[in-house]
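Observations on the three-dimensional arrangement
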Amino acid sequence: MSRIYLLHEPLRSVVDVLHALNAPSKVELVELQSEIKELEIIGDIASLNKKACVQIDSSGLDRSADKDVARGIHEAFQKIREYADWLLSDGQFWDWCGIVAFRDYSLKRWCGGDEWLSDGNLPQPGESQLKRFICNPRNTHSQARHVVQRLYIAADCSFRYDGTYDHLGKFLDVDLDIASQIFERQLGLSPLMAVVMADVAGDIGGSPKTPGSPAVSPRTNRRNFFKQVNFLASTVSLEFLPEDELRRYFDEIAREIS
Amino acid sequence: MTRRGFTPFLQSNFQTDLDIFVAHKASPQQWVHRSSITSDITEDKRVLYGELSTEGYSAIRFEIRSTDFKGLEKYYVANGENLDDFQFGVIELSTGSRRRKFHPGSLKIDLGTKKIDATWSLDFNLENLTGEFTLEPVVVAKANVVDPQSELTVTSGTVLGSSSIVRVLEKQAENLLGDLFIYQWKSFEKEDNLNNGELCDVNFGAEPPIILLNEDIHGLHYTMDQRDNPKGIQPKKIRARRAIDSQIAIEVLVTCGASIVTHIQKEASLRREEDPDTEYFGDIFDSLSSNEQILLGGFSHLFCISEEVFDGDELCHEIATASDLTLREHLVSGMPRKIRKHMGAELGIAEILELAEITDV
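Residue indices begin from 1 for each chain and proceed along its sequence in written order. All chains are assigned letters beginning with A, and all ligands numbers beginning with 1, in the order in which they are written. For a predicted model such as this one, the threshold for reporting local features is a pLDDT of at least 70, and the threshold for listing and counting side-chain atom pairs is 80 or more; totals across whole chains, interfaces and linings nevertheless cover every residue. Only hydrogens and water are set aside; all other atoms, that is, all heavy atoms of the structure, feed into the side-chain values.

Some remarks on the overall build of chain B
Selection rule: We count a stretch as a helix when DSSP gives it H or I for four or more residues in a row; a strand needs E for two or more, and each element gets its number in order from the N terminus. The cut-offs for exposure are 20% and 50% of the maximum accessible area for each residue type, with area from a 1.4 Å probe on protein chains only; residues under the lower value are buried, those over the upper are exposed, and the others partly exposed. The contact rule is simple, with two residues in contact once any of their heavy atoms fall within 4.5 Å. Every accessible area reported is derived by Shrake-Rupley at a probe size of 1.4 Å, with residue values counting cover from the shown protein chains alone. The sign given to each residue is positive for Lys and Arg and negative for Asp and Glu; His and the chain ends receive no count. Positions of charges follow a simple convention, taking NZ of Lys, CZ of Arg, CG of Asp or CD of Glu.
A count of helical and extended segments in chain B gives eight helices and 17 strands. Across its three principal directions, the C-alpha atoms of chain B cover 75 × 65 × 45 Å. Residues counted as buried form 49% of the 361 residues belonging to chain B. Intrachain contacts of chain B at a sequence separation of at least 6 include 67% that bridge at least 24 residues. A total of about 17200 Å² of accessible surface is found on chain B, and carbon and sulfur atoms cover 50% of it. The centroid of the 37 positive side-chain charges in chain B is displaced by 5 Å from the centroid of its 59 negative side-chain charges.

Okay, structure coming up:
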């Protein structure tokens, strides 16, 4: 079982991330002291971290462990959800998750491992990959790109929708762009809207070439779908609508695009 | 026009009053009236909750009631006087807690005067509150209804009216600048690209972005190092520091706001070049830097052209579709004026003059 920590200072730049990754023993942590006994211990995230790395190594696919890690983190953080929801909005908690608790998995998933930290001759991860370790809790874009929080968000969305993790594949398997388009926007703050959008977007395919227009990839069509949904949200309160009406609106948009 | 822009159907602003109640940990069932904020269509209502827990309170209740509902009354008459076709409620939006939910309220009509009243109430546990969230009172169509103006049919879920947003903050939004920017002291006289005598300069492109303060100004460094008195009256030097803080915040917001608006404009032009039929520009937000997105998230109400926009996507769309003349006016006077008003510029100058002990002139 694991104790909860927060980074003493929030990560604010790629420089901070590099310092923390290069000198893990010097990362200053604050142990969460809680009046709620159950809250001080959460699930066994060390073994979850290890299993995820093994899975990536054996499959050769960076994202092969995403769904399992997502589900594992969500189950491990049950007590946090129950007793101290506020902690899941704390940037320094997620910074700790990425830099310390899930360090090995995060580095393997997004930076090809950790060898580059000690070998300057190896290709170094770019700024966009390192920025994924920084959590800005006020910004959906940052939350949806954070190495660990992005997985928690997908799992939490599925769980809040119907109490299962059955919808994780819609966010993490079909096309990672679906999760980005949904969760990097405020549209993704509603589990119902997120799941229905993912359902409809997942079925959108490409458009073949015609005499009048070039072929369009599924990803381009999906992005067009999300643009139209966002536009719709400017005049329609999507959060008010029940699921069947939401699906009707989204299916209509998808039909027009296809 | 409302916060949601122009629509071909009637969409109105209505006025609401807000009452805030709190319950103490010792007597959680007893609600005590804390404060009221009365109607104003144009300004959002701001509520700070950060100190309530330290004062011993465990819960906060928001009660919203309408005071003027003219737009909805037209819809009501045009649709067979069936109030069941409409729903009043409040959209709760929190990025920090990842919540987006419609909380229904109630609508009632006086059959004699045909006056419609709306009310809504919701409690929040203070322990679970963090960061900022917004509450937007809206009236939506529950079924397809006819627009009294154009006789178009508007579909269910369409927002027929909205009121000023309630922004519920843990602490003052101004602190966002302190979290985002780092401060550096420089001799402006020695730097080629900085102007002697200026209070500050901003390097928004740096990571993290930097506010440069002029160490050549006599007494400025000393004044800016002063910390607030935890209790009692603030001495002159603290009041001076606060006044200068607000001047710096204005400078930073005007500079960064202009930079962001210009970036959005450029991005929109590129998209129009690629596809002249492009109509929607809200997703320009995704191509902004994370610092630009953070500032938009915290200050969209100051950077927008209309009275209010809902979020960063809407702001990008509004800027991208504004005419050149509108944008010019916005950059030169509209936005800076809004920022100065919000940051209390006139108070800052008055404070500085008072501290300089200037009396009759």
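Description of the overall build of chain A
Heads up, the rule is: The globule rule is 2.2 Å times the number of residues to the power 0.38, and the radius of gyration it is compared with is taken over C-alpha atoms.
When helices and strands are tallied, chain A shows 15 helices and four strands. Whereas a compact globule of 258 residues would reach a radius of gyration of roughly 18 Å, chain A reaches 20 Å, a difference of no more than 12%. Here the contacts in chain A between residues at least 6 apart in sequence split such that 66% fall between residues at least 24 apart. Only carbon and sulfur atoms are counted for the fraction: they give 49% of the accessible area of chain A, which is about 11400 Å². Of the side chains in chain A, 30 bear a positive and 38 a negative charge, and the two mean positions are spaced by 4 Å.

Describing the interface of chain B and chain A
For clarity, the cut-off: Buried area: the accessible surface (1.4 Å probe) lost by two parts on joining, summed over both. A carboxyl oxygen of Asp or Glu within 4 Å of a side-chain nitrogen of Lys or Arg is what we treat as a salt bridge. Charged residues are taken to be Asp, Glu, Lys and Arg, nonpolar residues to be Ala, Val, Leu, Ile, Met, Phe, Trp, Tyr, Cys and Pro, and polar residues to be all remaining types, Gly included.
Taken together, the contacts link 45 residues of chain B with 37 residues of chain A. Roughly 3600 Å² of surface becomes buried between chain B and chain A when both sides are summed, with 48% attributable to carbon and sulfur atoms. Summed over the three residues of chain B that lose the most area to chain A, namely R98(B), R100(B) and Y280(B), the buried surface amounts to 24% of that side. Notably, a salt bridge pairs E239(A) with R100(B), separated by 2.5 Å at the nearest N-O pair. Going through the elements one at a time, β6 (86-94), β7 (99-104), β10 (133-141), α2 (175-180), α5 (290-303) and α6 (312-321) of chain B are the ones with two or more residues in the side of chain B that touches chain A. Here the side of chain B that touches chain A is built from residues that sort into 14 nonpolar, 17 polar and 14 charged.

Let's talk about a nonpolar patch on the surface
Filter applied, for reference: Patch construction takes residues with relative accessible area above 30% that form no salt bridge. Like charges are linked within 9 Å, and nonpolar side chains (Val, Leu, Ile, Met, Phe, Trp, Tyr) are linked within 5 Å.
Taken together, I349(B), I352(B) and L353(B) make up a surface patch of nonpolar side chains, about 240 Å² in accessible area. The topology assignment puts L353(B) in helix α8 (residues 345-355).

What about the pattern of salt bridges?
Tallied over the entire structure, the rule returns 28 salt bridges over all chains. For E127(A), the salt bridge is made with K131(A), and the minimal N-O distance between the two is 3.3 Å. Of this pair, E127(A) and K131(A) both sit in helix α8 (residues 127-131), four residues apart, roughly one helical turn. Overall, E127(A) belongs to the partly exposed group, its relative accessible area being 47%. You can call K131(A) partly exposed: its relative accessible area is 30%. Residues D17(B) and R65(B) are paired through a salt bridge, measuring 3.9 Å at the closest nitrogen-oxygen approach. With D17(B) in strand β2 (residues 15-24) and R65(B) in strand β5 (residues 57-68), the pair connects residues that are 48 residues apart, well separated along the chain. Among the residues examined, D17(B) registers a relative accessible area of 12% and is labelled buried.

Observations regarding unusual backbone geometry
Residue and element names in this part refer to chain B. For R98, which is not a glycine, the phi torsion comes out positive at approximately 55°. Within the secondary structure layout, R98 lies in the loop between β6 and β7. Positive phi, normally seen in glycine, also occurs at E151, with a value near 65°. Position of E151 among the secondary structure elements: in the loop between β11 (145-146) and β12 (153-154).

Re the sheet that holds β2(B)
Whether parallel or antiparallel, the strands of a sheet pair through hydrogen bonds between backbone atoms. All names here are of chain B. Let me state the cut-off plainly: Two strands pair under a simple rule: DSSP has to find at least two bridges between them. Note on geometry: axes are C-alpha line fits, over the in-contact stretch for helices, and angles between N-to-C directions span 0 to 180 degrees.
An order of β3-β2-β5-β9-β8 is seen for the five strands of this open sheet, with the pairing classed as antiparallel. At either margin of the open sheet sits one strand with a lone partner, and together these are β3 (27-37) and β8 (106-110). When the angles between neighbouring strand axes are averaged without regard to direction, this sheet yields 20°. Relative to β3, β2 runs antiparallel, the two sharing seven bridges. Counted as the bridge partner of D19 is S36 from β3.

Quick word on the packing of helix α12 (residues 176-183) of chain A against helix α13 (residues 191-202) of chain A
Residues and elements named next belong to chain A. Put simply, the test is: Note on convention: near helix rotated counterclockwise from far helix by under a right angle means a left-handed crossing. Clockwise means right-handed.
Here α12 crosses α13 at 145°, and the two axes come no closer than 10 Å. Classified by chirality, the crossing of α13 by α12 is right-handed. Of the residues in α13, those touching α12 at I178, I182 and F183 are A194, M197, A198, A201 and G202. Tallied by class, the residues present in the contact of α12 with α13 amount to seven nonpolar, one polar and no charged.

Details of the pairing of β6(B)
Every other side chain in a regular strand lies on the same face of the sheet, so the side chains alternate between the two faces. Residue and element names in this part refer to chain B. With nine of nine residues buried, β6 lies mostly within the body of the structure. Of the two faces of β6, the one lined by F86, F88, V90, E92 and S94 and the one lined by Q87, G89, I91 and L93 are each fully buried. Across six bridges, the pairing between β6 and β7 is antiparallel. In the strand pairing of β7, S94 is matched with R99. What sits between the antiparallel neighbours β6 and β7 is a turn of four residues, in which R98 has the positive phi angle 55°.

What to know about the side chain of R61(B)
Residues and elements named next belong to chain B. Threshold: By the criterion applied in these results, polar contacts are pairs of N or O atoms within 3.5 Å in which, for protein atoms, one can donate a hydrogen and the other can accept it, and in which residues neighboring in sequence qualify only through two side-chain atoms.
When you line up the elements, R61 lands in strand β5. Of note is the side chain of R61, whose polar atom sits 2.6 Å from the side chain of D123. Apart from residues no more than four positions distant in its own chain, R61 is found in contact with D19, I20, F21, W31, S121, L122 and D123.

Thoughts on the packing of α5(B) against α6(B)
Residues and elements named next belong to chain B. Inclusion rule: Our angle categories are set so that under 35 degrees counts as roughly parallel, over 145 as roughly antiparallel, 65 to 115 as roughly perpendicular, and the remainder as oblique.
Between α5 and α6, the shortest axis-to-axis distance is 9 Å and the interhelical angle comes to 40°. By the criterion of interaxial angle, the relationship of α5 to α6 is oblique. In the crossing of α5 with α6, the sense of the turn from one axis to the other is left-handed. Of the residues in α6, those touching α5 at L296, S300 and F303 are G312, L315, C316 and I319. Here the contact of α5 with α6 is built from residues that sort into five nonpolar, two polar and no charged.

A few points about the nonpolar core
It is characteristic of soluble globular proteins that their nonpolar side chains tend to be buried jointly. Going by this rule: Put simply, a nonpolar core is a bunch of buried Ala, Val, Leu, Ile, Met, Phe, Trp, Tyr and Cys residues held in one set by side-chain atoms that sit within 4.5 Å of each other.
Among the nonpolar cores identified, the biggest contains 91 residues, and F77(A), F93(A), F171(A), F183(A), F225(A), L238(A) and F250(A) are the most heavily contacted of them. Of the residues forming this core, the biggest block, eight residues, is contributed by α13(A).

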